[in-house]
Amino acid sequence: MQFGIFSVGDVTVDPTTGRAPSESERLKAMMKYALKAEEVGLDVFATGEHHNPPFVPASPTTMLGWIAARTERLQLSTATTLITTNDPVKIAEDFSVLQHLADGRVDLMLGRGNTGPVYPWFGKDIRKGIPLAIENYHLLRRLWREKVVDWEGQFRTPLRGFTLAPAPLDETPPFVWHGSIRSPEIAEQAAFYGDGFFHNHIFWNKEHTQQMVELYRSRFEHYGHGSADQAIVGLGGQVFMRKNSQDAVREFRPYFDNAPVYGHGPSLEEFTEMTPLTVGSPEQVIERTLGFADYVGDYQRQLFLVDHAGLPEEVVLEQIEILGTEVVPVLRREFEARRPAHVPSDPPSHAALVAQGPGSKYRQVISATNLEAEAAA
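What counts, and where the lines are drawn
- Residues numbered from 1 in each chain as written.
- Predicted model: local features only at pLDDT ≥ 70, side-chain atom pairs only at ≥ 80, totals over all residues.
- Heavy atoms only, no water.
- Axes fitted to C-alpha atoms, helices over the stretch in contact; angles between N-to-C directions.
- Helix = DSSP H or I, 4+ residues; strand = E, 2+ residues; numbered from the N terminus.
- Parallel < 35°, antiparallel > 145°, perpendicular 65-115°, else oblique.
- Contact = heavy atoms within 4.5 Å.
- Nonpolar A, V, L, I, M, F, W, Y, C, P; charged D, E, K, R; others polar.
- Buried < 20%, exposed > 50% of the residue type's maximum accessible area, 1.4 Å probe, protein only.
- Pairing = 2+ DSSP bridges.
- Phe/Tyr/Trp six-rings, centres within 6.5 Å; stacked < 30°, edge-to-face > 60°.
- 1 Å grid on protein atoms, 1.4 Å probe; cavity = no way out; pocket = protein on both sides within 12 Å on 5 of 7 lines; lining within 4 Å.
- Points joined across faces, edges and corners; volume = space filled by probe spheres on them.
- Salt bridge = Lys/Arg side-chain N within 4 Å of Asp/Glu carboxyl O.

Sorry if this is basic, but what is going on with the packing of helix 2 (residues 60-68) against helix 3 (residues 88-101) here?
Two elements in contact, helix 2 and helix 3, have axes whose closest approach is 10 Å; the angle formed by their N-to-C orientations is 0°. Comparing the axis directions of helix 2 and helix 3 gives the class roughly parallel. The residues of helix 3 that touch helix 2, namely those facing Thr-61, Leu-64 and Gly-65, are Asp-94, Phe-95 and Leu-98. Within the contact of helix 2 with helix 3, the residues separate by chemical class into 3 nonpolar, 2 polar and 1 charged.

Set out below in structure tokens:
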């Protein structure tokens, strides 16, 4: 099973000091977190994609390329790649280049984002978000899998005789996750192609997360990719830890209370009860995280958000250290002890996809005409 961290790259005032990092400081801190993740034995670093203040990760592949040059084992991913507002041709090119530079240590998570104004900035209509996600991904798959692409759709100019350069490493595209909090159409899309499904698992109660994952699993089986419990699932999560739970609550409270995302709403105690946010000791984080599989089933990737809401750099580095040395080793052992032999323990790696060859269910070009038509309707 893979464990790692993800960042949304917010620039937020530290409520205990009144100071916010500069954009440069925030970007460089994110890079330090990625290097620390590899140092302490975590598997994955993922960055979000945002094009508006107060966020800085506008160019994820630039950041991941920097990390690739300084790491050897870390899997590089995105917490969101905006499939709706990015040109599929540019996504295909950027991630093919990154694949080559990182020797295949690359996958990506496609999503629609949560910032409505981004759509008109890139000439798109937010009311077409779902059809854009479906049509753009169908094109992206073809660009990665066909030598010459002739294509015409609803949302971009046609392609005539287009050849992607560079082609994906070993003619094998990166594994794709489809991320969604609340859209059953995206769970359906992930299942249709046999791709991974990622639920960010931060703001919603467990019943909602369970419902979305169960939908994906049932449709994965429906489309013939394997049994429902073999579907590739990832979860997000958020933690803050200290040796003593009282210290964790006391230290994290001002950051929670003033966070742009959930500050000035439910109390910290209410939020930790209603959602998977865990603030406490490493033992409490282990117990809560192990419980996720009770309602989503055995899954393959767990990412934690540890660096937002204005938390100081040195505190975030401490959180990553605790994850890598005290929490994740126990989670690995306990999750694997309960996993049935027929259920994959990891998402497909680049080497595994290459070994499976052109007939692999993960590389097959599937006609998505019906799926696109349903989304447009």
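Quick question: what am I supposed to make of the pairing of strand 1 (residues 2-7) here?
Every other side chain in a regular strand lies on the same face of the sheet, so the side chains alternate between the two faces. In terms of residue burial, strand 1 counts as a mostly covered element, since 6 of its 6 residues are buried. Alternating positions in strand 1 separate into two faces, Gln-2, Gly-4 and Phe-6 on one and Phe-3, Ile-5 and Ser-7 on the other, with burial throughout. The pairing of strand 1 with strand 13 (residues 301-305) spans 5 bridges and is classified as parallel. Bridge pairing in strand 13 links Gly-4 to Leu-303. Pairing geometry for strand 1 and strand 2 (residues 44-47), over 4 bridges, is parallel. When the bridges of strand 2 are listed, Ser-7 appears paired with Thr-47.

Looking at this structure, how should I read the sheet that holds strand 3 (residues 75-78)?
Strand pairing in a sheet relies on backbone hydrogen bonds. The paired strands run either parallel or antiparallel. Within the open sheet, the 9 strands sit side by side as 3-2-1-13-10-9-8-5-4. Their pairing is parallel. If you trace the sheet from one side to the other, it starts and ends with strand 3 and strand 4 (81-82), each paired once. With 2 bridges joining them, strand 4 and strand 5 (residues 107-111) adopt parallel strand pairing. Bridging across to strand 5, Leu-82 finds its partner in Gly-111. On the sheet, helix 12 (residues 313-338) packs against strand 1 and strand 13 and is oriented at approximately 140° with respect to strand 1.

I tried to follow the packing of aromatic side chains on my own but got confused; where do I start?
Aromatic rings in a pair are described by how distant their centres are and how their planes are angled relative to each other. Here the structure, examined in full by the defined rule, presents 12 aromatic pairs. Judged by centre distance (6.2 Å) and plane angle (90°), the ring pair of Trp-177 and Phe-198 falls under edge-to-face. Within this pair, whereas Trp-177 is found in strand 8 (residues 175-179), its partner Phe-198 is found in strand 9 (residues 196-199), the two being separated by 21 residues in sequence. Taking the relative accessible area as the measure of exposure, Trp-177 reaches 1% and is therefore buried. For Phe-198, a relative accessible area of 4% gives the class buried.

I keep staring at the layout of surface pockets and nothing clicks. Help me out?
Unfilled space is identified by rolling a water-sized probe across the atoms. In this structure, the second largest pocket spans a volume of roughly 320 Å³. Together, 18 residues line the second largest pocket, and Pro-21, Gly-310, Leu-311, Pro-312 and Glu-313 are the ones closest to its centre. A total of 4 residues in the lining of the second largest pocket trace back to one element, the largest contributor, which is helix 1 (residues 23-39). Along the lines of polarity and charge, the residues of the lining of the second largest pocket split into 7 nonpolar, 3 polar and 8 charged.

Help me understand the pattern of salt bridges in this model?
Between side chains of opposite charge, a pair can form when the charged atoms approach closely. A complete count under the given rule lists 25 salt bridges for this structure. Two residues, Glu-313 and Lys-32, come together in a salt bridge whose shortest N-O distance is 2.8 Å. Of this pair, Glu-313 sits in helix 12 while Lys-32 sits in helix 1, and the two are 281 residues apart along the sequence. Taking relative accessible area as the criterion, Lys-32 reaches 42% and is therefore assigned partly exposed.

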